[in-house]
Structure formats: structure tokens, C-alpha cells
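What the coordinates show
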Amino acid sequence: MRKLFTLLSGCIIAFSLFAWTGSPVKAADEHDDGCGCHELKPLQGSERNKIVAKLISSEAFKVKKMELKKAGYSWNGAREIEVIIPAEGITMVGVSFTNSKGAVEIFVFINGMFVGNSPGE
């Protein structure tokens, strides 16, 4: 009886592996580029506030802010800062500044270091 139960269980498992509809290979989205960037959402709440406070008090931010003020930019304030954690150990912070023509530009800091800017949306 025990051998029969083992044989039946093995057949059910084998059938479910090979004959079951669907496949993990087919399950991948054809249009998925694999970057995972569509899943990124800005942080909210106290965790975001801690990261923003740390950035605002950092020397890298103070130096960049002074450079931008001399170039005619105005800072839009701490509530306009977006924080994203795309992977473990990486923190991206987007700080918005308005240039002299009134256009918003985002200046990006990764792990507290300035890396560049882009036009705001």
C-alpha cells in the first residue's frame, strides 16, 4: 500500500511539472525590459524625512546650493525633494531648483554625492 501511494504521488508530481498549462518561461512579459524602474516609487513619511534632513545638512548639498544660487537658481524647498531607493545601499535624492527663466530643474544626489541634473517634469 505504501509503495502504491508513493508511485501515485510521484506520477502526480511528474504530471504537474510537465503537462501543466503554462510555463515559467512563457510567463515573462514580452515588453518587460528587466530594469525594474517602473516599480520605483518615492519614499514617504519619516524615512524620507530622515534622508532629506541628512542631505540638507551635508557639505555636498550646501556647496551645490551656493553654486546654484550664484548662477541665478532658487531652491524650491525641502517638501519638493523626492527620495527613491532603487536597490539596497543606493539612495537617490532629487532636489528641485528653479532657474532664472522659471523652468524647474532636478539636481540628483546618489548616496549624498552630486551626480547631475535634468529638466523637471
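Residues numbered from 1 in each chain as written. Predicted model: local features only at pLDDT ≥ 70, side-chain atom pairs only at ≥ 80, totals over all residues. Heavy atoms only, no water.

Section: the pattern of salt bridges
With the rule as written, the count across this model stands at one salt bridge. For K64, the salt bridge identified is with E67, shortest N-O distance 3.2 Å. In this pair, K64 and E67 both sit in helix α3 (residues 59-70), three residues apart, roughly one turn of the helix. In this structure K64 comes out as buried when scored by relative accessible area, which is 17%. The partly exposed category is assigned to E67, whose relative accessible area is 42%. (Salt bridge = Lys/Arg side-chain N within 4 Å of Asp/Glu carboxyl O. Helix = DSSP H or I, 4+ residues; strand = E, 2+ residues; numbered from the N terminus. Buried < 20%, exposed > 50% of the residue type's maximum accessible area, 1.4 Å probe, protein only.)

Digging into the confidence of the model for the protein chain
Averaged over all residues, the pLDDT of the protein chain equals 80, while 67% of them reach at least 70. Within the protein chain, helix α1 (residues 2-18) has the poorest average pLDDT of any element, 64, and α3 the best, 93. (pLDDT = per-residue confidence, 0-100.)

Points about the side chain of E105
Mapped onto the elements of the fold, E105 is located in strand β4 (residues 104-110). Put simply, E105 is tucked away with no salt bridge, and the nearest opposite charge, on K101, sits 8.6 Å away. Of note is the side chain of E105, whose polar atom sits 3.3 Å from the side chain of N99. (Lys, Arg positive; Asp, Glu negative; His and termini not counted. Polar contact = N/O pair within 3.5 Å; in protein donor to acceptor, adjacent residues only side chain to side chain.)

Details of the pairing of strand β3 (residues 90-98)
Within β3, seven of the nine residues are buried, leaving the element largely enclosed by the surrounding structure. Looking at chain direction, strand β1 (residues 74-75) and β3 are connected through two bridges and run antiparallel. Each bridged residue has a counterpart across the sheet, and for S74 the counterpart in β3 is T98. With four bridges connecting them, strand β2 (residues 82-87) and β3 associate as antiparallel partners. By the bridge assignment, V83 is partnered in β3 with V93. Between β3 and β4, which follow one another and run antiparallel, lie five residues, and G102 among them has a positive phi close to 95 degrees. (Pairing = 2+ DSSP bridges.)

Topic: the packing of aromatic side chains
Applying the stated criterion across every chain yields a total of six aromatic pairs. Consider the rings of F61 and W75, whose centres lie 5.6 Å apart with planes at 65 degrees: the pair is edge-to-face. With F61 in helix α3 and W75 in strand β1, this residue pair connects regions lying 14 residues apart in the sequence. Looking at F61, the relative accessible area reads 1%, which means it is buried. Judged by its relative accessible area of 24%, W75 is partly exposed. Here the aromatic cluster, defined as three or more aromatic residues joined through ring pairs, consists of F61, Y73, W75, F97, F107, F109 and F114. For the cation-ring pair, K64 lies above F114, with the distance from its terminal atom to the ring centre recorded as 4.2 Å. (Phe/Tyr/Trp six-rings, centres within 6.5 Å; stacked < 30°, edge-to-face > 60°. Lys NZ or Arg CZ within 6 Å of the ring centre and 35° of its normal.)

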